[in-house]
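Summary of the model geometry
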Amino acid sequence: YPQMWKAESSGLTLQTGVLLLIVGAGACVLFFGATVLFRQMILSDRIPRWTPPRLRLMLTNCAECLDNIGRNWRLFLGIIVVSYLFQLSYVVLNRLMMESANIHLSYVYLGFFSPVMAIASFLPLTPNALGVREVTVTLLLSAQGIAGHEALLFCLANYIVMTVVS
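All values derive from a computational prediction rather than experimental measurement.

Notes on the nonpolar core
- Residues Met 98, Leu 105, Phe 113, Val 137, Leu 141 and Phe 154 are the most contacted members of the largest nonpolar core, which totals 18 residues.
- Mapped onto this core, the elements with two or more residues apiece are helix H3 (73-100), helix H4 (107-122), helix H5 (132-142) and helix H6 (148-165).
- The element contributing the most residues to this core is H4, with five residues.

Below, the structure written as C-alpha cells:
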C-alpha cells in the first residue's frame, strides 16, 4: 500500500506531524522540569506557613511520589515504552479493521484519530461512554468522506474487539 503513509486525504502533512511531535516533546520537558522544581520545593519544606495542614500533607505525599518515580526511572521508562507500544498497536488494529471494511485512511490520520477516540471513551457522560464515542467517531470519519453507517459499524466493531481483547 503506497498510500498508507500519505495524509493528503486528512489534510495532515508530515511537517504538521513533526511539529506536533516537537511541541509534545517540549511540553513533556516543561512538565518534567516543573515536577522536579515542585519536588525540590516541597521536600525542602519551603511550603508557605499559611498552607492548611491537610493541603501540606497532600503536597508532601505528591512530592514523595514524584521522588519515588525519580529513583525508579528505569521502571518509569519501561512503563512509558509499554504504553507507547500499546498505543501503536491500537493504531495498527484500527488500520486493519478499517482495511477489512474497505475504508482507506493513512497511518498519520489514524495516529490522530485513535487517541481522540480513546479520550472520547473516557468521558463519563453516559454509561460506558456509549453514544459519546459513536458520535465522535462518526464526526471524525465523516470529515474524511466515510458514510455515517460505515463509521458507526466500525466504532461498534472496534468496541467489541477491544472489549473481548481486554
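Focus on the packing of H3 against H4
- The interhelical angle for the contact between H3 and H4, taken along N-to-C directions, is 110°, at an axis separation of 9 Å. Considering their axes alone, H3 and H4 lie roughly perpendicular with respect to each other. Counted together, Tyr 90, Val 91, Val 92, Asn 94, Arg 95 and Met 98 of H3 and Tyr 107, Leu 110, Gly 111, Phe 113, Ser 114 and Met 117 of H4 form the full contact between these two elements.
- When the residues that make up the contact of H3 with H4 are grouped by side-chain class, the tally is eight nonpolar, three polar and one charged.

Quick look at the packing of H4 against H5
- As a packed pair, H4 and H5 sit with axes 8 Å apart at the nearest point and diverge in direction by 160°. Here H4 is positioned roughly antiparallel relative to H5, judged by the angle of their axes. Between H4 and H5 the crossing geometry is right-handed. Across from Tyr 109, Phe 112, Phe 113, Val 116, Met 117, Ala 120 and Ser 121 in H4, the residues of H5 making contact are Val 132, Arg 133, Thr 136, Val 137, Leu 140 and Leu 141.
- The residue inventory of the contact of H4 with H5, partitioned by class, reads ten nonpolar, two polar and one charged.

Quick notes on the rules
- Per chain, residue numbering runs from 1 following the sequence as it is written.
- With pLDDT at 70 or above as the cut-off, local features in this predicted model cover only qualifying residues; side-chain atom pairs require 80 or more to be listed or tallied, and sums for whole chains, interfaces and linings still use all residues.
- The side-chain figures draw on all heavy atoms in the structure; neither hydrogens nor water molecules are used.
- Here, nonpolar core refers to any group of buried Ala, Val, Leu, Ile, Met, Phe, Trp, Tyr and Cys residues whose side-chain atoms link them within 4.5 Å.
- Here the term buried applies to any residue with accessible area under 20% of the maximum for its type, exposed to any over 50%, and partly exposed to those in between, with areas from a 1.4 Å probe on protein chains only.
- Only DSSP runs of H or I reaching four residues or more are called helices, and only runs of E reaching two or more are called strands; each is numbered from the N terminus.
- As a rule, the C-alpha atoms of each element are fitted with a line to give its axis, helices using only the stretch in contact, and angles between N-to-C directions run from 0 to 180 degrees.
- Angles are sorted into four bins: roughly parallel if under 35 degrees, roughly antiparallel if over 145, roughly perpendicular if 65 to 115, and oblique for all others.
- Whether two residues touch is decided by their heavy atoms; if any such pair falls within 4.5 Å, the residues are in contact.
- For this classification, Asp, Glu, Lys and Arg are treated as charged, while Ala, Val, Leu, Ile, Met, Phe, Trp, Tyr, Cys and Pro are nonpolar and the rest, including Gly, are polar.
- Crossings are classed by handedness, with left-handed meaning an anticlockwise turn of the near helix from the far one by less than a right angle and right-handed meaning a clockwise turn.

On their own, these measurements won't tell you what the molecule is for.
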